[in-house]
Amino acid sequence: MMGQHARSESLFYYFKLDEYVPKNHLLRLIDEHISFAFVRERLKDSYSDTGRPSIDPELLLRILLIGYLYGITSERRLVEELRMHLAWRWFTGLGFDQEIPHHSTFSKNRHGRFQESKLFEQLFEQIVKQCMEVGLVRGDNLSVDGSFVEANAAKESWIPREQLAEAAQVKQTLRQYLAELEEQNPVEEPVHEQEQVSTTDPDSTYATKGGTPARLGYYDNYLVDNASCVIVGVQGTAARMSQETVAAQEMITRFARWQGREPASVVADATYGNGEFLQWLMERDITPYMRTRDSALRKNSPLYGPERFTYLPESNSYLCPAGQPLNFVGLNVRNRTHVYIGNRKRCGACSQKAQCTTGQYKYLAIHIHKPARQRARDLLNTPEFASAQRQRKKVEALFAELKNQIGLRRLRLRRMKFVREQFFLAAAAQNIKRLVRFLSQAPNPTLPAAA
């Protein structure tokens, strides 16, 4: 006989939340292996010793972390979902008779205590250091890359920079932005690097990457340990290609300080293959597995390239394929090159002139960091280079996870300082998943938790 379920509700329910959360549930593993006790220590100076007790900051952090672990970018929706999810309530320690914090509480703390204490950056560092302590991160071979993340601003919000003062009279965001610029440089007139500025997010940059249409956004830069796929460095920057190598240097320096030594190698795409970054790596004896960034004109030119000329160190000159010298004439500061030229008489009578130059004489520009660039070129056809480039795909997978699973295709917060907080919290969530999976699979996971 077919049964029929009668919908009914009991007046009282007797059960323990702990019994309904599986032993292998992600949140249970996080609670078992990761300590968030540092939050109160970090924020203790931000609270008064008198007055009513505030909402526990560790509770707020746990709730925010749930949002990034399960791809809920709206704090309003996160609070609504928390009311109904047993495992989430168990992880936060909120019983059914306890009130859930209002969504506006997160915004108030973010603009106050969390921002001042750099809480999310501290969380990311704690997780990375725990990954290092338990042996998950090797730290020898790293990959670096950046991904464009769209800002919470429409391109129609752009106005000329000279109109900022007028627009600031009705927009609080712009008033704060101009005030911060004046504090940084109170003597000179504030000058924005862009000719036009968004009125909703003045720190965002109009740019594109990967052939996509130009949009307002930021770059999220990752430094990744190839062996474990753990993110060991995060840096939010303006969406400019020149900022990627700057961010890479800062992340490598910070990570090297944490582990007490430099990495053995760094792999990246051709965006990072400029002479300055390659020289920086060479000075630290870090092997660069990346293609050099050469101009399209040079790569497609049928004329003799610099590799066809022989350097003579005793006279600081170059010998052309025809055996004629090219003398040093100076430094081109703009292009960061040493300039060597022939002369009209020798070049004009040369039988190889058509293959060498279209001018009256040969103009040879040699990058000031040529040895570092050549070092990178010598690695191109090695098996190690091919293997390293395959490892680099792990960074792209992490960015795919960031946008598809965490939901950070478009930023919800505005201004660089809050954008960076989102990047730190997202990277911490990605690392936490890998850390607890590693610890739960270990035979005897008795290793230290983050302090």
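The structure this text deals with has already been given above.
Counted by the stated rule, this structure contains 11 aromatic pairs. Aromatic side chains F124 and F424 sit 5.8 Å apart centroid to centroid with 50 degrees between the ring planes, which places their arrangement in the tilted category. You can see F124 sitting in helix α7 (residues 119–133) and its partner F424 sitting in helix α17 (residues 416–441), a full 300 residues away along the chain. Here F124 and F424 have matching classes, each one buried. Between F277 and W280, the ring centres sit 6.1 Å apart and the planes meet at 15 degrees, which makes this aromatic pair stacked. In this pair, F277 and W280 both sit in helix α11 (residues 275–283), three residues apart, roughly one turn of the helix. Of the two residues examined, F277 and W280, each falls in the buried class. The residue whose ring lies beneath R28 is W90, and the NZ or CZ to ring-centre distance is 4.7 Å. For R62, the ring lying beneath its charged end belongs to F91, and the centroid distance is 4.7 Å.

Across the sheet, five strands lie side by side as β9-β10-β11-β12-β13; this open sheet has antiparallel pairing. For this open sheet the edge positions go to β9 (310–312) and β13 (363–367), each flanked by a neighbour on one side alone. Pairwise comparison of adjacent strand axes, ignoring direction, gives a mean angle of 35 degrees for this sheet. Here three bridges tie strand β10 (residues 317–319) to strand β11 (residues 325–332), and the two strands are oriented antiparallel to one another. Paired with L319 across the bridge in β11 is P325.

Cut-offs and rules
- Residues numbered from 1 in each chain as written.
- Predicted model: local features only at pLDDT ≥ 70, side-chain atom pairs only at ≥ 80, totals over all residues.
- Heavy atoms only, no water.
- Phe/Tyr/Trp six-rings, centres within 6.5 Å; stacked < 30°, edge-to-face > 60°.
- Helix = DSSP H or I, 4+ residues; strand = E, 2+ residues; numbered from the N terminus.
- Buried < 20%, exposed > 50% of the residue type's maximum accessible area, 1.4 Å probe, protein only.
- Lys NZ or Arg CZ within 6 Å of the ring centre and 35° of its normal.
- Pairing = 2+ DSSP bridges.
- Axes fitted to C-alpha atoms, helices over the stretch in contact; angles between N-to-C directions.

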